[in-house]
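Architecture and fold: a report
Here is how the chains run, residue by residue.
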Amino acid sequence: MALSELYSDKILDIAGNALQPGRLPAPDASSRKVSRICGSVIEVDIVVTDGVITGYGHEVSACALGQTSAAIVAREIVGTRADDFLALARQMREMLKADGTPPDGKWSDLAYLEPVREFPARHASTLLVFDAVVDAIEKRSTKQIVASTS
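All values derive from a computational prediction rather than experimental measurement.

Rules used in this analysis
- Position numbers for residues start from 1 in each chain and track the written sequence from start to end.
- For a predicted model such as this one, the threshold for reporting local features is a pLDDT of at least 70, and the threshold for listing and counting side-chain atom pairs is 80 or more; totals across whole chains, interfaces and linings nevertheless cover every residue.
- The side-chain quantities take in all heavy atoms of the structure and omit both hydrogens and water.
- Only protein chains enter the accessibility calculation, which uses a 1.4 Å probe. A residue is then buried if its area is under 20% of the maximum for its type, exposed if over 50%, and partly exposed in between.
- Put simply, DSSP marks the helices as runs of H or I at least four residues long and the strands as runs of E at least two long, and each gets a number from the N terminus on.
- This arc is taken over the directions from the axis of the helix to the C-beta atoms.
- Two strands qualify as a pair provided that DSSP identifies no fewer than 2 bridges between them.
- Axis geometry follows a simple rule: fit a line to the C-alpha atoms, using only the stretch in contact for helices, then measure angles between N-to-C directions, giving values from 0 to 180 degrees.
- Contact definition: two residues touch when any of their heavy atoms are within 4.5 Å.
- Residues belong to one nonpolar core when they are buried, are Ala, Val, Leu, Ile, Met, Phe, Trp, Tyr or Cys, and are joined through side-chain atoms within 4.5 Å.
- We count a salt bridge whenever a side-chain nitrogen from Lys or Arg sits within 4 Å of a carboxyl oxygen from Asp or Glu.

This next bit is on helix H2 (residues 9–16). Every buried residue of H2 is accounted for by Ile-11, Ile-14 and Ala-15. Buried residues of H2, seen end-on, are gathered within an arc of 95 degrees and therefore sit on one face of the element. Away from its buried face by more than 90 degrees, H2 exposes Asp-9 and Gly-16.

In space, the 3 strands of this open sheet follow the order S1-S2-S3, with antiparallel pairing throughout. With one partner strand each, in any of the chains shown, strand S1 (29–34) and strand S3 (52–61) form the two edges of the open sheet. In this sheet, adjacent strand axes meet at a mean angle of 15 degrees when their direction is disregarded. Relative to S3, strand S2 (residues 41–49) runs antiparallel, the two being bridged by 9 bridges.

Right, let's get into the side chain of Asp-109. With respect to the helices, strands and loops of the structure, Asp-109 is situated in the loop between helix H4 (82–97) and helix H5 (123–149). Aside from chain neighbours lying at most four places away, what touches Asp-109 is Ile-14, Ile-72 and Arg-75.

Mapped onto the secondary structure, Asp-83 falls in helix H4. Separated by 20 residues in the primary sequence, Asp-83 and Cys-63 have C-alpha atoms spaced 28 Å apart.

Direction of pairing for S1 relative to S2: antiparallel, over a ladder of 6 bridges. Bridged to Ala-29 within S2 is Ile-46. Hairpin connection from S1 to S2: 6 residues lie between these consecutive antiparallel strands, with Gly-39 at a positive phi of about 85 degrees.

For the rest of this paragraph, the subject is the nonpolar core. Within the largest apolar cluster, 39 residues are counted, with the highest numbers of intra-cluster contacts made by Tyr-56, Phe-85 and Phe-130. Breaking this core down by element, the ones donating at least two residues are H2, S2, S3, helix H3 (64–76), H4 and H5. When residues in this core are grouped by element, the largest group, 9 residues, is from H5. If sequence neighbours within four positions are ignored, Phe-85 has contacts with Ile-53, Val-73, Ile-77, Thr-80, Trp-107, Phe-130, Val-133, Val-134 and Ile-137.

So, on to the pattern of salt bridges. Inspection of the entire model under this criterion finds 9 salt bridges. Salt-bridge contacts for Arg-75 lead to Glu-76; the nearest nitrogen and oxygen are separated by 2.9 Å. Relative accessible area serves as the criterion here: at 42%, Arg-75 is assigned to the partly exposed category. The shortest N-O distance in the salt bridge between Asp-99 and Arg-117 comes to 3.2 Å. Taken as a pair, Asp-99 in the loop between H4 and H5 and Arg-117 in the loop between H4 and H5 lie far apart in primary sequence, 18 residues in all. Given the relative accessible area of 60%, Asp-99 is considered exposed. A residue is classified by how much of its surface remains accessible, and Arg-117, at 22% relative accessible area, is partly exposed. Among the ionic contacts, a cluster of salt bridges with common partners joins Arg-23, Glu-43 and Asp-45.

Dropping the structure here:
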């Protein structure tokens, strides 16, 4: 597959019609991630209530692949258990780096990114939103542990 074929009509459609939620005014945790390979940047905010992600915001400056994965996350993340999102992030990494299966159910549009597997230089931007949300979830968990021991 040629690199130009990677950018399918569906990927371009999702990226071009992406929800732009903006940043949250009072998040439980935030994270900023930058891809060293391509310079893509994402900043995410989350709110988690009883283990469920109840608020999400982001600002993203990325290629179509990074925009696509961020758009799908923005569309589907609210209402997802934090633990389930951590599993989804592992599944995405395995899909790209270890020939794993693509997500299904409400996350099935992430399967459009499966061809990225053949282009390791594009993995970082595709996974950037997952890395940022996982980092935010971990930061929130650390804050809770510190608060409960104080």
